[in-house]
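# Residue-level structural notes
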Amino acid sequence: VLLPFLCCLRPAAAGKLLVIPMEGSHWLSMKKVLAELSKRGHEIVVITPDSKMLIDSSKTYELKTYPVPFKQEEMEEHIHSFSADCFSKEPFLVRFMKTWSNFRKSTIMFQTFCSSLLYNKEMMQYIEESKFDAIFTDPLTPCGQIIALHFSIPTVLFLRGLPCSIDIHAAQSPDPPSYVPRMFSLNTDHMTFSQRVKNFLITLSESFTCSMVFSPFESLASEFLQKPMTITQLLSHGSIWLKRTDFVFDYPMPVMPNM
């Protein structure tokens, strides 16, 4: 019975992949995936700002750059400062405020990068004419998702995680604050009553802080796509979520079938 069906099968064909990466350590993980995809015959094009840090040329993909108003030195200085604050042992509120401020600075910088790409007529014409099969991108800067919606291209999102559980909400996964520890809470998945209260209060603050952090991207997406768009709505159109996580390192939590 299976033989007639086996005759209908054919090998999977390689595709044309557009990559909109994120700088820094995010790129190092993505680069390994691109090397494996290249071995399987996929044609890969990486588009990045000309003030790149770690993103370099390679035989496994074609690299295209576009001009941005920030210099490479400014970007390196900000990322090094951000990293130092993330690993500091200061009190929670101090760490929280510094992280929030750094996210704001990062968002403004990467929103400027994204705007430079979206309104670069030559680059956008190239993307339209190339007929890419999919976009592979890191959603921490949702520029790739904006381009995907604009050209109706499926998106594969590659990430470690997003602030305020935006990735979980965008994928419509359950996210109960009584059981899922919040970022910077230092809680485990076994919490006392007071820890659950603290976790819940952090959850309430997330909607305010992340709306402030990601508002530049929401404004840019709404303007470019010509319809109101929140960051959660924008990322909810992702086709596949590839998460760099492990339940040995992270606490188990619900995930959707496409994650």
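What you are looking at is a predicted structure, and each value in this text was computed from that prediction instead of being measured.

### Considering the sheet that holds strand β3 (residues 62–66)
Pairing between the strands of a sheet comes from backbone hydrogen bonds, and it takes one of two forms, parallel or antiparallel. The strand order across the open sheet formed by six strands is β3-β2-β1-β4-β5-β6, and the pairing between neighbours is parallel. Looking along the sheet, the strands with just one partner apiece sit at the ends: β3 and β6 (240–243). Across the sheet, the mean angle separating the axes of adjacent strands is 20 degrees when strand polarity is ignored. Both strand β5 (residues 155–159) and β6 contribute to a ladder of four bridges, which runs parallel.

### Concerning the packing of helix α6 (residues 143–151) against helix α8 (residues 193–225)
As a packed pair, α6 and α8 sit with axes 11 Å apart at the nearest point and diverge in direction by 15 degrees. Viewed along their axes, α6 and α8 adopt a mutual orientation that is roughly parallel. Where α6 crosses over α8, the handedness of that crossing is right-handed. Of α8, the residues touching α6 (which contributes I146, L149 and H150) are A221, F224 and L225.

### Side note on the packing of aromatic side chains
Each aromatic ring pair is summarised here by two numbers: the centre-to-centre distance and the angle between the ring planes. If you walk through the whole model with that rule in mind, you get five aromatic pairs. Taken together, a centroid distance of 5.7 Å and an interplanar angle of 80 degrees make the contact between F110 and F113 edge-to-face. Of the two residues, F110 and F113 are both situated in helix α4 (residues 92–118); the distance of three residues between them amounts to about one turn of the helix. With a relative accessible area of 10%, F110 lands in the buried category. Relative to F224, the ring of Y119 has its centre 5.6 Å away and its plane inclined at 90 degrees; by these criteria the two rings are edge-to-face. Within this pair, whereas Y119 is found in the loop between α4 and α5 (121–130), its partner F224 is found in helix α8, the two being separated by 105 residues in sequence. Take Y119: its relative accessible area is 43%, and that puts it in the partly exposed class.

### Topic: the pairing of β5
Across the five residues of β5, five count as buried, placing the element largely inside the fold. Side-chain alternation along β5 places T155, L157 and L159 on one buried face and V156 and F158 on a second face that is also buried. In terms of strand pairing, strand β4 (residues 134–137) meets β5 through three bridges, oriented parallel. When the bridges of β5 are listed, T137 appears paired with L157. For the segment spanning β4, α6 and β5, crossover handedness is right-handed.

### Side note on the environment of S116
Examined against the element boundaries, S116 turns out to sit in helix α4. On a C-alpha basis, the gap between S116 and E36 in space is 30 Å, while along the polypeptide they are 80 residues apart.

### Considering the side chain of S165
As for its placement among the helices and strands, S165 is situated in the loop between β5 and α7 (166–170). Judged by relative accessible area, S165 falls into the buried class, the value being 12%. Those residues in contact with S165, other than ones at most four positions away along the chain, are D175 and R182.

Reading the values: rules and limits
Residues numbered from 1 in each chain as written. Predicted model: local features only at pLDDT ≥ 70, side-chain atom pairs only at ≥ 80, totals over all residues. Heavy atoms only, no water. Pairing = 2+ DSSP bridges. Helix = DSSP H or I, 4+ residues; strand = E, 2+ residues; numbered from the N terminus. Axes fitted to C-alpha atoms, helices over the stretch in contact; angles between N-to-C directions. Parallel < 35°, antiparallel > 145°, perpendicular 65-115°, else oblique. Left-handed = near helix turned anticlockwise from the far one by under 90°. Contact = heavy atoms within 4.5 Å. Phe/Tyr/Trp six-rings, centres within 6.5 Å; stacked < 30°, edge-to-face > 60°. Buried < 20%, exposed > 50% of the residue type's maximum accessible area, 1.4 Å probe, protein only. Right-handed = clockwise from strand over helix to strand, strands pointing away.

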